[in-house]
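Letter by letter, the chains look like this.
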Amino acid sequence: AQRVTQPEKLLSVFKGAPVELKCNYSYSGSPELFWYVQYSRQRLQLLLRHISRESIKGFTADLNKGETSFHLKKPFAQEEDSAMYYCALMNTDKLIFGTGTRLQVFP
Amino acid sequence: DARVTQTPRDKVTEMGQEVTMRCQPILGHNTVFWYRQTMMQGLELLAYFRNRAPLDDSGMPKDRFSAEMPDATLATLKIQPSEPRDSAVYFCASGSGDYYNEQFFGPGTRLTVL
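Residues numbered from 1 in each chain as written. Chains lettered and ligands numbered in written order. Predicted model: local features only at pLDDT ≥ 70, side-chain atom pairs only at ≥ 80, totals over all residues. Heavy atoms only, no water.

Participant: Which parts of the structure should I look at to understand the overall build of chain B?
Facilitator: On a plain count of helices and strands, chain B comes out with 0 helices and 11 strands. Secondary structure of chain B in N-to-C order comes out as β-β-β-β-β-β-β-β-β-β-β. Relative to a compact globule of 114 residues, whose C-alpha radius of gyration would be 13 Å, chain B shows 13 Å and is just as compact. The dimensions of chain B, computed from C-alpha atoms along their principal axes, are 40 × 25 × 25 Å. (Helix = DSSP H or I, 4+ residues; strand = E, 2+ residues; numbered from the N terminus. Rg over C-alpha atoms; globule rule 2.2 N^0.38 Å.)

Dropping the structure here:
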């Protein structure tokens, strides 16, 4: 069955520290993966997609098919990165979301 | 800029009442999704439409939930009768079905059933 797992509900770091938000997936086929972010009082929005291999706001995510992972990383966290982060897997047209990880960045 | 809109933003109702949530997708988008967000389950897909036709509503409790697209500019999600366990934030999202498959989310409707 297709599934996305985000094992951490909450991740707290200090400003300037590295961040890694974990995401593992289960999918029979070639996965299409995304990270969505929801800042406080804002709507959910796309952060990045693996097919673009892009870096947005300093975040990157590499698809590791051997480990079935798509972890989100940033070398130096900023306070404005505090938000809820969702990893998502595309299954035909549908997005299957993980349960999300709340990132708190302290000053 | 173009955005998905949802009404109402907040709804408090009593158990047994009918609830209707509305969504206006981005003009030109042909795919509309309804999600429910709870602390325990995160974001769950309830139903989605392409070109106004329902493609999948397997995530929706059929006995009380119904989703429709009366026209290309309006999607509705109804709960009748509502129950306290339906309390959640309901998101609508739309997409153009292009290669990048990005979904654009509305601000959500926070539903509280007492």
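That shown, we press on.
Participant: Explain the nonpolar core to me, please; I cannot follow it from the model alone.
Facilitator: Burial of nonpolar side chains together is a common tendency in soluble globular proteins. Trp 35, Leu 47, Leu 48, Phe 70, Leu 72 and Tyr 85 of chain A are the most contacted members of the largest nonpolar core, which has 24 residues in total. Contributing elements (two or more residues each) for this core: β2 (10–14), β3 (19–21), β5 (32–38), β6 (45–49), β9 (83–91) and β11 (101–106) of chain A. (Core = buried A, V, L, I, M, F, W, Y, C linked by side-chain atoms within 4.5 Å. Buried < 20%, exposed > 50% of the residue type's maximum accessible area, 1.4 Å probe, protein only.)

Participant: Please explain the interface of chain B and chain A as it appears in this structure.
Facilitator: Taken together, the contact between chain B and chain A spans 24 residues of the former and 20 residues of the latter. A buried area of about 1800 Å², summed over both sides, lies between chain B and chain A, and 49% of it is on carbon and sulfur atoms. Note that Lys 94 of chain A is salt-bridged to Asp 56 of chain B, the shortest N-O span being 2.6 Å. At the boundary of chain B and chain A, one finds 7 residue pairs in polar contact (both at pLDDT 80 or more). (Contact = heavy atoms within 4.5 Å. Buried area = accessible area lost by both parts, 1.4 Å probe. Salt bridge = Lys/Arg side-chain N within 4 Å of Asp/Glu carboxyl O. Polar contact = N/O pair within 3.5 Å; in protein donor to acceptor, adjacent residues only side chain to side chain.)

Participant: What am I meant to see in the environment of Leu 89 of chain A here?
Facilitator: Counting through the fold element by element, Leu 89 of chain A comes out in strand β9. Distance in space between the C-alpha atoms of Leu 89 of chain A and Tyr 39 of chain A is 20 Å, their sequence separation being 50 residues.

Participant: Help me understand the sheet that holds strand β3 (residues 19–24) of chain B in this model?
Facilitator: Within a sheet, neighbouring strands are paired by backbone hydrogen bonds and run either parallel or antiparallel to one another. Residue and element names in this part refer to chain B. Pairing is antiparallel across the open sheet formed by 4 strands, whose spatial order is β1-β3-β8-β7. Taken across any chain shown, the strands that pair with only one partner, and hence form the sheet edges, are β1 (5–7) and β7 (65–71). Each strand axis lies, on average, 20° off the axis of its neighbour in the sheet, ignoring direction. (Pairing = 2+ DSSP bridges. Axes fitted to C-alpha atoms, helices over the stretch in contact; angles between N-to-C directions.)

Participant: Honestly, the side chain of Arg 64 of chain B in this entry has me stumped. Any pointers?
Facilitator: Residue and element names in this part refer to chain B. Checked against the element boundaries, Arg 64 lands in the loop between β6 (53–56) and β7. In this structure the side chain of Arg 64 is engaged in a polar contact, spanning 3.5 Å, whose partner is the side chain of Glu 83. In contact with Arg 64, not counting residues within four places along its chain, are Lys 78, Ile 79, Gln 80, Pro 81, Ser 82, Glu 83, Arg 85 and Asp 86.

Participant: Where do I start with unusual backbone geometry in this structure?
Facilitator: Leaving glycine aside, a negative phi is the common case for residues, and trans is the common case for peptide bonds. Look at the link from Thr 7 of chain B to Pro 8 of chain B: it is a cis peptide, with omega at -10°. Mapped onto the secondary structure, Pro 8 of chain B falls in the loop between β1 and β2 (10–13). For the bond from Gln 80 of chain B to Pro 81 of chain B, the omega torsion is -5°, close enough to zero to count as cis. Within the chain, Lys 57 of chain A stands out as a residue other than glycine whose phi angle is a positive 55°. Among the secondary structure elements, Lys 57 of chain A is positioned in the loop between β6 and β7 (60–61). At Thr 68 of chain A, a position not held by glycine, the phi torsion is positive, near 45°. When you line up the elements, Thr 68 of chain A lands in the loop between β7 and β8 (72–74).

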